[in-house]
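These are the residues of each chain, in order.
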Amino acid sequence: MGIHPTPHERATALLAQMTVEEKAQQVSALMPNFLYGPTGLDEKAMQKHIGNGIGHLSNAGALPEPTALAARNNGIQRFLVERTRLGIPAISHAEALNGFLAPGYTSFPTAIGLGASWNPEAIQEMADIIRQQMRSVGVQQALSPVIDIARDARWGRVHETYGEDVYLTSAMGVAFVRGIQGSELSNGVLATAKHFLGYSMTEGGQNMAATTIGARELYDVYATPFEAAIKLANLGSVMNSYSEVDGVPVGASRQLLTDMLRGRMGFDGAVVSDYSTVEWLATRQFIAENAQDAGLLALEAGLDVELPTIIGYGHHLVDAVAAGRLKEATLDEAVLRVLVDKFKLGLFENPYVREDAGELQSLAASGKELAKSITEESITLLKNEGVLPISKSKRVAVIGPHAESSLINFAAYTHPASIDMMKGMATGESRMAGVGGMMELSPEMEKARAANWARAAAVDTNAVARDQYDALSLSEAIRESIGENQVTSVTAVGVTEDEPRDIAAAVAAAEESDVVILAIGGRAGWFGTKITEGEGTDIAHIELSGPQVELVKALSATGTPLVGVVYQGRPYALTEIDHLLSGLVVAYYPGPAGARAVAGVLFGDTNPSGRLPYTMPRATGQVPIYYSQHHGSGYRRSDADMFRGYIDLEHTPLYPFGHGLSYTAFEYGDVSVNAEEIPAQDGRIVASVAVTNAGDRDGVEVVQLYASVRVPGITRPALQLVGFKRVQLHPGDSATVTFEFDTSLLGYSGIDGRFTLQPGNLELIVGRSSADDVGRTHVKLVGQAADLEGRRSYLSEARVTVETKVSELVP
């Protein structure tokens, strides 16, 4: 080694000193609650479970406040550093989908709302704040972001993604990874991109079901955001999908975890298992007889670390090496990756954190202004027949299942939702209640878990959202905005069929009001019985629930104008009520600032600028539907196609990807391009368009650039997003938006499977959405076919030049 050895050199030297038992522990994990006794961290428990070290500590955010969290993590690290033979610290991990998942930390909109902001710069800033918060209490790995491409609205986890599009998801994923890992990993947090690969597109839209995607689509669409994060942001970690691809569970697929991810895509970090992956190879997918067999299949496939606790790794790997069933060299490969991460994270130099209560509390509360700003940018106005913005002098009725709920602002992977899950497990209402597995709990741990559930059962989760996060219900936010006496609110119905109804009270309130604001949609959470979205909460019908449709129809009969505010993670099919609404706003699951942000849009304090990150279908039968369906397929068939569409339903979306309205008007100039002919190999495309705020108030336009390519031999998407830019303009101001990108951004897997771009015809389209184009230009891709294997590009560059109107320049 040199004077300043690299993390890899240091890790290699350390690996050479390790016993097989110590190695096996480094690819294993443990829940910290295994290390507790009656009065806290217990020396005997730690000696028993981590006396030979441990690779990861799982779910490291589960303590009530930052100082306790820092002290707990310091205590475990101190034992590992001072009381184990080699003194190797652990990596602590936690969720960070839309904020550090621990009590008291700033919560941001759920990921689909982040996607609706179309603002990667803000997402990078958000992730940077999360990075500082996690490192401050000794957590060094985030099990985020989710960069699955979500094109099936039946799937319950759509809200955890950035939407349906490859480019938008890549941009958001790269931004998140850059922010959370920081400029140097010694001060950063490892990002964990998930769920590799194809997890979001399964049979019947069901969680964990088989993924049925061809090899070309699997790489070109579903792998691209992962590869973008690897190449552009040096992605630190990857988590596997629970599903199978071509008959092989991903957690045991060497073809995907090694050949594709490491070989083709160039990933060199550690692959960590989604929780219980190894266990379920034996007990759910039945490809292994027992835990040891499952562990061997996973490790040999390229799954480096088993989470959340030891089922098939640990002592099972030690036994397998001793029995000649596992080559120690195979184990060494995984251990080396874990050790390299620990050296990169600076854990050997700085295993402990400061336990300064004031400093930790201040950092935990940071980012609230940014959360408010992102929330406002995410709110999406889909429809406005002149009713919005509403005058603050109007009498308003807020009606619907979410009218008086502050909890509705929080989806899964937030603290209020986690309390709601524990409450459901305590009362038996959660679908996880009674679910067991191979992991055995000690009597002390069973007792502690029961106590936690009992405490959760007594908690008012709406009060938690309101008191701990200052999250209002929509009716409260509207009262705050326009005055207490002008607002009435009625819940009227629930989201599900079995909740109480009082439609008569809602009708009476509507008749006494000038405008009705409907607080409707889904309900997200974790494994609950009265939720419609979340992990394992897939649905066969994406239409709005029957009680809500009945409510909207009854209110429509009063003649009072209706404005819908839809809380959703997945896109719901609103065809039954859309024609009854004079205005329609999508709030997603917006976080603590959500109700005030929605009220700001409704009453004109905020000019909406959110854009749909997915396509909204008319009915379940259209699913999967997405804007980038191929030429001749889906709703991208030509008008001349005699077989296009359905006989009982319009085949186009109800609302298209990228759609979103404003309270001002924007006009576009012609689209220009740098040349009429551009080489397919190593070509560079520069496209520009002028946009003007032709309205009477400040506003933000999201300028979107799409491409449509026709090449020999391979059918391509009718449209694909290749660039976007948020542009803020005062009335009368104009801006020129210039997009610049390599032709390799248009590449695809060719007939032979290698990434390529053939000469052909390219059309560039500037649009307000994927269905509202405002200008087109044509380019011919010429010359030889481009061999892009290993040298593709992922994102374009966008520049904005603002031209202030002349009248403002005159003194």
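Residues numbered from 1 in each chain as written. Predicted model: local features only at pLDDT ≥ 70, side-chain atom pairs only at ≥ 80, totals over all residues. Heavy atoms only, no water.

Caption draft 1: The arrangement of the packing of aromatic side chains in detail. According to the stated counting rule, one finds 14 aromatic pairs in the structure shown. Consider the rings of Phe 196 and Phe 226, whose centres lie 5.2 Å apart with planes at 80°: the pair is edge-to-face. Highlighted residues: Phe 196 in strand β7 (residues 190–196) and Phe 226 in helix α8 (residues 215–233), separated in sequence by 30 residues. The residues Phe 196 and Phe 226 share a single accessibility class, namely buried. With 6.2 Å between their ring centres and 65° between their planes, Tyr 199 and Tyr 242 make a pair best called edge-to-face. Taken together, the residues Tyr 199 in the loop between β7 and α8 and Tyr 242 in the loop between β8 (237–240) and β9 (244–245) connect sequence positions 43 residues apart. Take Tyr 199: its relative accessible area is 0%, and that puts it in the buried class. One cation-aromatic arrangement involves Arg 151 over Tyr 626; the distance from NZ or CZ to the ring centre is 4.1 Å. Here Arg 264 stacks its cationic end above the ring of Tyr 219, 3.6 Å away from the centre of that ring. (Phe/Tyr/Trp six-rings, centres within 6.5 Å; stacked < 30°, edge-to-face > 60°. Helix = DSSP H or I, 4+ residues; strand = E, 2+ residues; numbered from the N terminus. Buried < 20%, exposed > 50% of the residue type's maximum accessible area, 1.4 Å probe, protein only. Lys NZ or Arg CZ within 6 Å of the ring centre and 35° of its normal.)

Caption draft 2: Focus on the nonpolar core. In this structure, Phe 100, Met 134, Ile 180, Phe 196 and Leu 746 are the most contacted members of the largest nonpolar core, which totals 157 residues. Ignoring anything within four residues of it in the chain, the contact list for Leu 746 reads Ile 685, Ala 707, Val 709, Arg 716, Gln 720, Val 722, Phe 741, Leu 757, Leu 762 and Leu 781. Among the nonpolar cores identified, the runner-up in size contains 41 residues, and Ala 150, Leu 574, Leu 584 and Leu 612 belong to it. (Core = buried A, V, L, I, M, F, W, Y, C linked by side-chain atoms within 4.5 Å. Contact = heavy atoms within 4.5 Å.)

Caption draft 3: Representation of the pairing of strand β22 (residues 699–710) within the structure. Most of β22 sits out of view: 11 of its 12 residues are buried. Strand direction decides the pairing type here: β22 and strand β23 (residues 720–729), joined by 9 bridges, are antiparallel. In the sheet register, Glu 701 faces β23, and the bridge partner there is Val 727. Here β22 runs beside strand β27 (residues 760–769); their pairing, made up of 7 bridges, is antiparallel. Each bridged residue has a counterpart across the sheet, and for Ser 708 the counterpart in β27 is Glu 763. (Pairing = 2+ DSSP bridges.)

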